[in-house]
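Residue-level listing of the chains:
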Amino acid sequence: MEKWFVTKQINKNTFVISEPYHWEETNCYLLLGSKKALLIDTGLGICNICDEVRKITKLPVVAVPTHVHWDHIGGLWDFSEFYVHELEKDWIEENFPLSNEFVRKMLVKGNNLIEYINVDDYAVFQGNPKKILIDGDIIDLGNRKIKVLHTPGHSPGHMCFFEEATGYLFSGDLIYKGTLFANYESTDPEKYLESVQKISNLPVKRVFPAHHSIDILTDIISDVDKGLTDIKKQGKLCHGSGLFEFNQWSIIL
Ligand SMILES: [Zn+2]
Ligand SMILES: [Zn+2]
């Protein structure tokens, strides 16, 4: 049985914990501060991410999903302190918009998970956040300050996180190499573009996405900005326009 998580060190006090054997190739990030640790995203919940975190740190951990989709909140079961954006409080507390049946189908797509879980038992996490976040909030880890950026479009309460001191941007599902999704009912293609423009103004030195390769250049932000702006000029930045393909990424509208 393959070890489910792969952990890599990014710098002295930043780690990425990935699920590379699942088709979604999720990446979660563990940021160690002097007083607290922050876990950005918690993966699919197929294996226990908390055990991986505890191999790295004994600090109290705050878990913050970039947004309330099953592949980001799956590991929240083991964290008593977690925060979400105000617009997705309802999703995490009681009204997740997709059925467990739909999520189970997405989970097994192209993957045989039989060694790891019984998929029929898989349920989307629901629980009560300790704190509600809004744009501009700072998550204070002691010697590290992480800024919350509300970046809706992929989902209404999607957040990116920016650390000014390092220039690290944790981009969630807003930007990654691969196929981006703005086709669900709860997505908003116009807001997606506005969010990309919002982060394109930041002094970003590295982009850390929630899916696929972390070997990604900061240029991808301006590429996505330009691509979506072109789609908008053609009058196609709306649901139902289909798939648009670019060099390192594509988007389904
Ligand atoms: Zn998502
Ligand atoms: Zn995702």
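It should be noted that the structure appears before, not after, this text.
Structure report, in brief.

Conventions adopted
Each chain has its residues counted from 1, following the order in which its sequence is written. To read the labels, note that chains go from A and ligands from 1, taken in the order they are written. Thresholds applied to this predicted model are a pLDDT of at least 70 for local features of residues and 80 or more for the giving and counting of side-chain atom pairs; totals over whole chains, interfaces and linings are not thresholded and use all residues. The basis for the side-chain values is all heavy atoms of the structure; hydrogens and waters are excluded. Because water is not among the atoms used, a metal site may look incomplete, as its donors are only the N, O and S atoms within 2.8 Å, or 3.2 Å for Na, K and Ca. Accessibility here uses a 1.4 Å probe with only protein chains present; expressed as a share of the type maximum, an area under 20% marks a residue as buried, one over 50% as exposed, and anything in between as partly exposed. Centres within 6.5 Å are what make two rings of Phe, Tyr or Trp a pair, Trp counting through its six-membered ring; a difference in plane orientation under 30 degrees is then read as stacked, over 60 as edge-to-face, and the rest as tilted. Helical segments are the DSSP runs of H or I of at least four residues, strand segments are the runs of E of at least two, and each set is numbered from the N terminus. A pair of strands is treated as paired once DSSP finds two or more bridges between them.

## Topic: the coordination of the zinc ion (ligand 2)
Argument step 1. Binding of the zinc ion (ligand 2) to the protein goes through Asp71 (OD), His72 (NE2), Asp173 (OD) and His211 (NE2), at separations of 2.0 to 2.2 Å.
Argument step 2. When its relative accessible area of 4% is taken as the criterion, Asp71 is described as buried.
Argument step 3. On the basis of relative accessible area, His72 is assigned to the buried category, the value being 1%.

## Observations regarding the packing of aromatic side chains
Argument step 1. For the structure shown, the criterion picks out twelve aromatic pairs.
Argument step 2. Here Tyr29 and Phe208 contribute two aromatic rings whose centre-to-centre distance is 5.5 Å and whose plane-to-plane angle is 55 degrees, an arrangement assigned as tilted. In this pair, Tyr29 sits in strand E3 (residues 26–32) while Phe208 sits in strand E13 (residues 206–209), placing the two residues 179 residues apart along the sequence. In terms of burial, Tyr29 and Phe208 fall into one category: buried.

## Some words on the pairing of strand E9 (residues 145–150)
Argument step 1. Direction of pairing for strand E8 (residues 138–140) relative to E9: antiparallel, over a ladder of three bridges. Directly across from Ile138, in E9, lies its bridge partner Lys147.
Argument step 2. The sheet contact formed by E9 and strand E10 (residues 159–163) spans four bridges and is antiparallel. Each residue of the ladder has a partner; that of Leu149, found in E10, is Cys160.

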